[in-house]
Amino acid sequence: MSTTRPYSPGDHGPESGDVPAAGGRQVRTLSLAGASGIVPLARDFSREALHAWGWLPAPTAESRAAAEDVLLVVSELVTNACLHAEGPDSLTVSLDNKVLRIEVTDHGAGQPEPRTPHRAGRPGGHGMFIVQRLCLDWGVVRTPGVVGKTVWAELGTPA
């Protein structure tokens with residue numbers, strides 16, 4: 001898993017808007033700046049996107065698990081932004097034929113990384129370990145001259 005590469009192979013950067021993007025890619029963005037109840041809000045927004053894209057209601061146990069993985073990764077990335085980066089500014093979820101991408105933008109200067117060594121029996125510090133285990137890839141995008149970052153993670157679509 002990558003924490004240095006800004007985009008995964010074949011991706012040329014984030015798209016904007018709540019409409020189909022080039023190549024049939026679906027993109028939805030939610031502003032979180034100043035919102036309250038951010039984690040449940042982000043999960044509900046992501047769940048609505050999964051419904052719109054046909055992931056929910058899930059027809060199989062594998063599809064249901066894939067949708068739950070997406071919601072868990074959203075929760076972890078948004079929670080990390082709340083705890084370590086002064087709160088998230090936005091959440092973007094996008095879907096193409098094979099990959100669902102989650103992006104959380106914040107004003108934090110820190111660099112997310114899985115805690116090493118991972119201590120399974122201890123509370124806290126599991127967020128990026130969970131993201132690393134569930135996702136195909138993840139990373140951080142920083143724009144020169146701009147405060148903050150975008151943490152992204154990608155999951156495969158159910159078969």
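Report on the accompanying structure. (Residues numbered from 1 in each chain as written. Predicted model: local features only at pLDDT ≥ 70, side-chain atom pairs only at ≥ 80, totals over all residues. Heavy atoms only, no water.)

### Quick notes on the layout of surface pockets
Line of reasoning, step 1. Of the voids in this model, the largest pocket is the one considered here, and its volume is about 390 Å³.
Line of reasoning, step 2. Lining of the largest pocket is provided by 23 residues; of these, Asn 80, His 84, Pro 112, Glu 113 and Met 128 occupy positions nearest its centre.
Line of reasoning, step 3. Counting residues per element, the ones that place at least two in the lining of the largest pocket are helix H2 (61-84), strand S3 (99-106), helix H3 (127-134) and strand S5 (149-156).
Line of reasoning, step 4. The element that contributes the greatest number of residues to the lining of the largest pocket is H2, accounting for seven residues.
Line of reasoning, step 5. When grouped by side-chain class, the residues that make up the lining of the largest pocket number 10 nonpolar, eight polar and five charged. (1 Å grid on protein atoms, 1.4 Å probe; cavity = no way out; pocket = protein on both sides within 12 Å on 5 of 7 lines; lining within 4 Å. Points joined across faces, edges and corners; volume = space filled by probe spheres on them. Helix = DSSP H or I, 4+ residues; strand = E, 2+ residues; numbered from the N terminus. Nonpolar A, V, L, I, M, F, W, Y, C, P; charged D, E, K, R; others polar.)

### A look at the nonpolar core
Line of reasoning, step 1. One finds Trp 55, Leu 77, Leu 91, Leu 100 and Ile 102 to be the most contacted residues of the largest nonpolar core, which totals 34 residues.
Line of reasoning, step 2. Elements with a minimum of two residues in this core: helix H1 (38-52), H2, strand S2 (88-95), S3, H3, strand S4 (137-141) and S5.
Line of reasoning, step 3. Among the elements that line this core, the one with the most residues is H2, at nine residues.
Line of reasoning, step 4. Apart from the residues within four sequence positions on either side, Trp 55 is in contact with Leu 50, Ala 66, Ala 67, Val 70, Leu 95, Leu 100, Gly 156, Thr 157 and Pro 158. (Core = buried A, V, L, I, M, F, W, Y, C linked by side-chain atoms within 4.5 Å. Buried < 20%, exposed > 50% of the residue type's maximum accessible area, 1.4 Å probe, protein only. Contact = heavy atoms within 4.5 Å.)

### Comments concerning the side chain of Arg 25
Line of reasoning, step 1. Tracing the backbone through its elements, the reader meets Arg 25 in the segment before strand S1 (26-31).
Line of reasoning, step 2. Within the structure, the side chain of Arg 25 is placed 2.9 Å from the side chain of Ser 94, a separation counted as a polar contact. (Polar contact = N/O pair within 3.5 Å; in protein donor to acceptor, adjacent residues only side chain to side chain.)

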